[in-house]
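Structural characterization, general
Read off the chains here:
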Amino acid sequence: MSSPKATLEKLPRGVQVLLGVGALALAAFPFVPVDGRDFYLQMITQMMILAIFAMSLDLLQGVTGLVSLGHAAYFGLAGYALAFLTPADNPVALWWSLPLAAGAAGLAALVIGFFVVRTHGIYFIMVTMAFAQMIYFLFFDNKSLGGSDGIYVYFRPDASAVGIDLENRTHFYYFTLAALIGVYLLLRRLLFSPFGRALSGIRVNEHRMRAVGYGTFGYKLAAFTLAGTLAGVAGYLWAAQTGFVNPELMGFHMSAHAIMMVILGGMGNFAGAIVGAFAFEYVMHFFKDMTKHWQLLMGGFIVLVVIVAPRGLLGLGEKMFGRNKGGRL
Amino acid sequence: MSDLLLSAQHLTKRFGGLAAVNDVSVDLFRDRIHAVIGPNGAGKSTLTNLLSGDLPPTSGQIRLNGRETAGHAPESISRLGLGRSYQKTNIFLPFTVWDNVRLAAQSRERHVPWNPIHWFSSATRMTRVNERCERAVELAGLTHRTHTVAATISHGEQRQLEIAMTLATEPTVLLLDEPLAGMGQAEAESMVALLQRLKKDHAMMLVEHDMDAVFSLADQLTVMVNGQVIASGTPGSVRADPLVQAAYLGEEH
Amino acid sequence: MDFANFLIQLLNSIQYGLLLFMLAAGLTLIFGIMGVVNLAHGSFYMLGAYMAWFFTAQFDSLVLAIVVGTLLAVALGWLLEWGLFRFFYHRDHLDQVLLTFGLIYIFEELRSILWGDDVHAVQVPELLNWSIPLTDTLSYPVYRLVMSGICIALAVGLYLLISKTRLGMKIRAGAFNREMTEALGINIRLIHGVVFALGVGLAAIAGMIASPIASVYPGMGSSVLIMCFVVVVIGGIGSVRGALVAALLVGLVDTFGKVLVPQLAGMAVYMLMALVLLYKPEGLFKQ
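1. Things to note about the overall build of chain C
In terms of regular secondary structure, chain C is built from 11 helices and two strands. In chain C, the order of α-helices and β-strands from amino to carboxyl end is α-α-α-α-β-β-α-α-α-α-α-α-α. The globule rule puts the C-alpha radius of gyration for 287 residues at 19 Å, and the 19 Å found for chain C is close to it. In terms of overall dimensions, chain C has C-alpha extents of about 65 × 50 × 35 Å along its principal axes. Counting every position in chain C, which comprises 287 residues, the buried fraction comes to 48%. Sequence separation of at least 24 residues holds for 76% of the intrachain contacts in chain C that already meet a minimum separation of 6.

2. Quick notes on the overall build of chain B
In terms of helices and strands, chain B carries 10 helices and 10 strands. Relative to the globule expectation of 18 Å for 253 residues, the C-alpha radius of gyration of chain B, 19 Å, shows essentially globular dimensions. Referenced to the eigenvectors of the C-alpha coordinate spread, the extents of chain B come out at roughly 60 × 40 × 40 Å. Buried positions account for 44% of the 253 residues belonging to chain B. In chain B, the proportion of contacts linking residues at least 24 apart, taken out of those at least 6 apart, comes to 67%.

3. Details of the interface of chain A and chain B
At the junction of the two partners, chain A supplies 21 residues and chain B supplies 27 residues. Sorting the residues of the side of chain A that touches chain B by element identifies helix H6 (169–191), helix H7 (194–211) and helix H8 (216–242) of chain A as the ones contributing at least two each. Broken down by element, the side of chain A that touches chain B gets its largest block of residues, 10 residues, from H7(A). The residue inventory of the side of chain A that touches chain B, partitioned by class, reads 10 nonpolar, seven polar and four charged.

4. Side note on the interface of chain A and chain C
Contacts between chain A and chain C engage 37 residues on the former and 35 residues on the latter. Sort the elements by how many residues they give to the side of chain A that touches chain C and helix H5 (residues 121–141) of chain A lands first, with 14 residues. Looking at side-chain class alone, the side of chain A that touches chain C contains 27 nonpolar, eight polar and two charged residues.

5. Quick word on the nonpolar core
Within the largest apolar cluster, 236 residues are counted, with the highest numbers of intra-cluster contacts made by A:Ala51, A:Met55, A:Ala130, C:Cys228 and C:Val231. With near-sequence residues (within four places) excluded, A:Ala51 lies in contact with A:Leu180, A:Ala273, A:Ile274, A:Ala277 and A:Phe278. By size, the runner-up hydrophobic cluster in this structure holds 44 residues, among which are B:Leu28, B:Leu51, B:Leu221 and B:Val238.

6. Some remarks on the packing of H5(A) against helix H11 (residues 267–279) of chain C
Packing of H5(A) against H11(C) leaves a shortest axis separation of 10 Å and a crossing angle of 150 degrees. One way to sum up the angle between H5(A) and H11(C) is to call them roughly antiparallel. Of the two elements, H5(A) crosses H11(C), and the hand of that crossing is left-handed. Contact residues: H5(A) offers A:Val127, A:Ala130, A:Phe131, A:Met134 and A:Leu138, while H11(C) offers C:Met267, C:Tyr270, C:Met273 and C:Leu277. For the contact of H5(A) with H11(C), the per-class residue count stands at nine nonpolar, no polar and no charged.

7. Brief notes about the pairing of strand S9 (residues 220–225) of chain B
Residues and elements named next belong to chain B. Sheet topology note: the strand S3 (residues 32–37)/S9 ladder contains four bridges and is parallel. Residue Ile 37 lies in a different strand from S9, and its bridge partner there is Val 223. Where S9 and strand S10 (residues 228–233) come together, five bridges link them in antiparallel fashion. What sits directly across from Leu 221, in S10, is Gly 233. Counting the residues that bridge the hairpin from S9 to S10 gives two residues, and of these Asn 226 lies at a positive phi of roughly 50 degrees.

8. Some remarks on the arrangement of the chains
Contacts are most numerous, across the two pairs of chains in contact, for chains A and C. Contact between chain B and chain C is absent, and the least distance between their C-alpha atoms amounts to 12 Å.

9. Observations regarding the environment of A:Val245
All names here are of chain A. By the secondary structure assignment, Val 245 is in strand S2 (residues 244–245). In the structure, Val 245 is positioned 168 residues away from Leu 77 in sequence and 9.4 Å away in space, judged by C-alpha atoms. Residue contacts for Val 245: discarding those within four places in its chain leaves Gly 76, Gly 79, Tyr 80, Ala 83, Gly 150, Ile 151, Val 153 and Ala 239.

10. Observations regarding the confidence of the model for chain C
For chain C, the mean per-residue pLDDT works out to 87, and 97% of the residues sit at or above 70. Here the complex is predicted with pTM 0.91, and the ipTM for its interfaces comes to 0.92.

11. Focus: unusual backbone geometry
What you tend to see is this: most non-glycine residues have negative phi, and most peptide bonds are trans. Residue and element names in this part refer to chain B. The backbone of His 10 sits at a positive phi, close to 55 degrees, despite the residue not being glycine. You can see His 10 is positioned in strand S1 (residues 4–15). Not every positive phi belongs to a glycine, and Asp 31 is a case in point at roughly 65 degrees. Relative to the helices and strands, Asp 31 resides in the loop between strand S2 (18–29) and S3.

12. Looking at the pairing of S3(B)
Residue and element names in this part refer to chain B. Most of S3 is tucked away, with five of its six residues classed as buried. With five bridges connecting them, S3 and strand S8 (residues 203–207) associate as parallel partners. Its bridge partner being in S8, Arg 32 is matched across the sheet by Ala 203.

Cut-offs applied
- Residues numbered from 1 in each chain as written.
- Chains lettered and ligands numbered in written order.
- Predicted model: local features only at pLDDT ≥ 70, side-chain atom pairs only at ≥ 80, totals over all residues.
- Helix = DSSP H or I, 4+ residues; strand = E, 2+ residues; numbered from the N terminus.
- Rg over C-alpha atoms; globule rule 2.2 N^0.38 Å.
- Buried ≥ 20, exposed ≤ 12 C-beta atoms within 10 Å, placed from the backbone.
- Contact = placed C-beta atoms within 7 Å.
- Nonpolar A, V, L, I, M, F, W, Y, C, P; charged D, E, K, R; others polar.
- Core = buried A, V, L, I, M, F, W, Y, C linked by C-beta atoms within 7 Å.
- Axes fitted to C-alpha atoms, helices over the stretch in contact; angles between N-to-C directions.
- Parallel < 35°, antiparallel > 145°, perpendicular 65-115°, else oblique.
- Left-handed = near helix turned anticlockwise from the far one by under 90°.
- Pairing = 2+ DSSP bridges.
- pLDDT = per-residue confidence, 0-100.

Here it is, written out as structure tokens:
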């Protein structure tokens, strides 16, 4: 199977500038006096959370070449973990609930990964989807786990230990922004580490990697677990932000959205995942505002992207503005 | 210390009813090149795959550097000191020549993918890996191409890269599957010179169709036809063997 | 569990398994021969069910509805292959996943525009609306037996088509070696169109004949798609025989699992899949 179109590991100067400007814009936004500021704050926070989710999938898909149709399972599991950990009358402390929730997601990824990582190509796609659906139905069918109605998260986590009040919209916004930048820098560093180089090798030619002595199963499983853990971080933030979790968070549509965000932006460099997340959400909101039958437009948009821009927006940008010597950040 | 680095005994590989390799034994000694020749479909590539772990044998034993390896995974066989190059170029096309070889060289570091240290250190600052990589690139004669993308170099250079990657893991046993395939005269000559240089420190098995190269390099020659060994010995004795002449060499002109 | 109950569950398992087979056979054939993964396969099942409901209301006859629906589905399959899918045979799986996901959106919306989002019921035809008595209190619906019968007939037909006809031979040749088949002058494009239309047709028929016993609702495509994937994974991609064995296995495990161990609910089938993956990651009947 040919390797997916991951490219642009070293981001061109233009993209680096774009990212820098973007980060500054995001940091400055809460100070801009605009109508409906609260609404936009919330919307952008959600986009940032989805960007973290997309980056976690990019590690799996863009870097390692594993196309998972079940990544949302870990996103949702961490969200449910927060919901279960938060009592009805008190918030739960951030410092231990976040690692615990992300850890639970990571553990699930480890267990499922053990079965799933031994498959290849189309099988991998199908079994990741199947296991995610299994988890979906587990929550959907069981009243004790909330059932199809879901569960409320009555309080946002308590971060007063570090002087932040997450119930405050602006504080939560900056907390999410910090998480986004943190995860990005972490993953960029990982990309150029021995581990990241090995994952890229596995994507391009797993057979040769084994022939030169890499235990590729272990590498893929580690990537799968790490990706699941980071998806958990995003899921935790989502549950904290929206105050509500339901099985749809773990469902097929959520997983497919993640794939599309990563593809739309351009795979394999994490910047594309961020761009893709923002672009995808924006397009979806735009279509939803236009018509009740927005799914038709969305479907058409997706088909168009596959045909016209298989390497995503960053890939298009590279084609249009030409390659120049890029950097690692 | 024994110079017998790889010993394969009575290897058989069946696909359904067909025996692609049938009771084949091969010994590889340090400082000796053992060539395996035969017509297409003789089972030479299958034999190589059995030795490298790409295919498990139906029966038979393989002893590599003192350990039993029949049916083991390719990665563990590689770690025991076996290097294998492929007939159909099997490199990382989108990466540069340096990155190709570096990745192979990195595999020798004692790595557990779960160790977070390896998630945050810089891959390019691994000194031992870089040294290994430098040596392999130089040996294979690709220093002038170090930072060129592998997909853009010539076919002959890609075959050199094949070898460089095989050497970067510092193996003691080399299995080379048609290293001269598709090479022009000059390129073939430098490849033959390279193989001569490698001989001293390695036990080598060479699968080849280029008869000039085979007879100039081989210390030992095995002829395979239809999955079986029909002759094995010094090049001179094999060449004179009437069975071989009838089955194979007679047609090779 | 007494014998009558056991028999009922067994018949249910087989009926469910055969229905899954109809869907899985199409999916595995399309992937095995053209190398295309089609996430929208479940949508054809859904469209079949909605067509059955709609046309039964129009013609007052389920049988006529099925005939019309099948013709429309086959035509749709042919058109989709000709106009869209054949450009994707060489693209990597990710592109195909995306493309077919986009199609799911489009099909869902089309259905919503044409027929709305309501849940519907389809009546079992009068002729078949009776039950065979098994004991004093238990009986088994004839319609379900007829459903299984239709599936078996189609399965046999498929087998005969693929192994005994010239067309089938060409299909098998095309799966084995496309370039050679083309070089021999066999119209591979035609074959692909036929196979795709066949797959879509089977999925739609499954939806149509199942509609009287399973209600017709918007999400039915996705739920059946998952089971379809599980069947194909267990059976092995490209193997129709594998799809049959796996489908029956899934039918048995799911039905008896739910009856014997209700706490596990739908998990039994996934556990089966996990078990198969440990020992045969490429399916039981991998080519």
